[in-house]
Amino acid sequence: MLRDFGYLFSVFLSVRPSANVMSLGLSPETEMTVSRMAEVTCGVPAGILKKPPASTVVPFSWPSRAIVSEVSMAAMIPDHAAMERLADTALAHATHPMQRGEILEIKIQSYQGQNRLRESLEMGLELLDSLGFSFPRSPDAQQIGQSLEEGVALVADKTVAELTDLPDMTDPRLQMAMRIMAFLLPVVVLTQPTLLPMMIVRTMRETFASGFAPPTPVLYCGHAVIMCGFLEQYDLAHRLAKTAIYLAARPESRPHRAEAIQYANLLLPWKEHFNDCLPRYDEVYATALETGQNNAAGFSSEAWTGYAIFLGLPLEQVEQKVANRIIALRKMGQYQSLEMMGNYHQMILNLLGRSESPHRIKGAACDGEADVARQMEQKNGQVLFNLLF
């Protein structure tokens, strides 16, 4: 989510609770958030202090470049009200579509964590429209079928070398479009999965025509999902997922590594044992904390919990880890993941005999019935499936 770690954390590390933040020359809202962040900087992993590769930062000058970092800071803490105010200010000063896109990228990811999935999707699709990547809001069967056919044709005969030995993508507009589509993957899957084939195939077409972008490993996993989920091409999906993990080790893809491994981990069990997935989800969580990908921290926690339950790990140990993850995710403001984690937690408490109604997902950890009603109202079909499953 954060776009300029060097700037943000040079501020964080130079401030302690006793420091006079007024001397930093930041806006009052940012001075407040810096003071709050300073209280927890002692626990920030060293890796988070690294500045992302220059290729991930849009090369357009702002009247005040710091405002983008302020919006990111407010989103990460999280202070959603401050993020909205700062984002509105930034958008009012944006003079180029790419500048506007930088702010909307932050909002798209923040809305996912706030459980505002359809708003995140619509904002992302509108931004993609402005970048020249338009998609139908409700694709028909013929469009979906054509995308699936093209998807197979694009990758079926490609060797691992052809998938990995790509030139670097240099067009900032294309780079931003790739990032947006990578950010939107979980939202599309949860709210409008019929859009997934068209979006992913478009990213593959651009990748093979224009080169490797930092989020390419995530997009390879997205392509593997449609190969596996829509077409039952398990060997091809496994090859793409393993390639994505390999590419995610590239320095420029570090900000996207957590998401890439997370999605790959959903696919690998078709060819590998579930037991091998649990350590990778812990790696995803740690990497997400390091790189500021709070959404990935949430989604990986959901996946780890589901796998741990079905693999039969000792429930007392699972319950303690889930309880700790819920505390952490609440601090990150990851309400989408908290809803699913609460349902898992209540399931575990029921199995441990710690609930009054063990046959209902309703108790101290969550109110599953209210969660289902809310998701039905929002028409989030895949989220409903996850809750009811």
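Residues numbered from 1 in each chain as written. Predicted model: local features only at pLDDT ≥ 70, side-chain atom pairs only at ≥ 80, totals over all residues. Heavy atoms only, no water.

Draft legend 1. Quick look at the packing of aromatic side chains. Evaluation of the coordinates by the stated rule reveals three aromatic pairs. With centroids separated by 4.5 Å and ring planes inclined at 25°, the aromatic side chains of Tyr 234 and Trp 270 adopt a geometry described as stacked. In this pair, Tyr 234 is assigned in helix α12 (residues 234-247) and Trp 270 in the loop between α13 (257-267) and α14 (277-291), connecting sequence segments 36 residues apart. The class for Tyr 234 is partly exposed, based on a relative accessible area of 27%. Owing to a relative accessible area of 51%, Trp 270 belongs among the exposed residues under this scheme. With 5.3 Å between their ring centres and 80° between their planes, Tyr 281 and Tyr 307 make a pair best called edge-to-face. Of this pair, Tyr 281 sits in helix α14 while Tyr 307 sits in helix α15 (residues 294-310), and the two are 26 residues apart along the sequence. Considered together, Tyr 281 and Tyr 307 belong to a single accessibility category, that of buried residues. Joined through ring pairs, the aromatic side chains of Phe 274, Tyr 281 and Tyr 307 make up one cluster. Between the NZ or CZ atom of Arg 116 and the centre of the ring of Tyr 111, over which it lies, the distance is 3.9 Å. A cation sits over an aromatic face here: Lys 158 above Phe 208, 4.4 Å from the ring centre. (Phe/Tyr/Trp six-rings, centres within 6.5 Å; stacked < 30°, edge-to-face > 60°. Helix = DSSP H or I, 4+ residues; strand = E, 2+ residues; numbered from the N terminus. Buried < 20%, exposed > 50% of the residue type's maximum accessible area, 1.4 Å probe, protein only. Lys NZ or Arg CZ within 6 Å of the ring centre and 35° of its normal.)

Draft legend 2. Spotlight on the environment of Thr 194. Here Thr 194 lies in the loop between α9 (172-191) and α10 (196-210). Along the chain, Thr 194 and Ala 141 lie 53 residues apart, while their C-alpha atoms are 8.8 Å from each other. When sequence neighbours within four positions are dropped, the list of residues in contact with Thr 194 reads Pro 139 and Ile 144. (Contact = heavy atoms within 4.5 Å.)

Draft legend 3. How the structure looks around the nonpolar core. In this structure, Leu 128, Phe 133, Phe 135, Met 181 and Met 199 are the most contacted members of the largest nonpolar core, which totals 75 residues. The element contributing the most residues to this core is α9, with 13 residues. Beyond its immediate sequence surroundings of up to four residues, Leu 128 is in contact with Phe 133, Ser 134, Phe 135, Ala 177, Ile 180, Met 181, Leu 184 and Met 199. Counting 26 residues, the second largest nonpolar core, distinct from the first, contains Ala 258, Ala 297, Met 340 and Ile 348. (Core = buried A, V, L, I, M, F, W, Y, C linked by side-chain atoms within 4.5 Å.)

Draft legend 4. Broad picture of unusual backbone geometry. Geometrically, the link from Ile 77 to Pro 78 is a cis peptide bond, its omega value of -5° lying close to zero. Not every positive phi belongs to a glycine, and Asn 115 is a case in point at roughly 70°. Assignment of secondary structure puts Asn 115 in the loop between α5 (97-113) and α6 (117-130). Accessibility expressed as a relative area gives 11% for Asn 115, which makes it buried.

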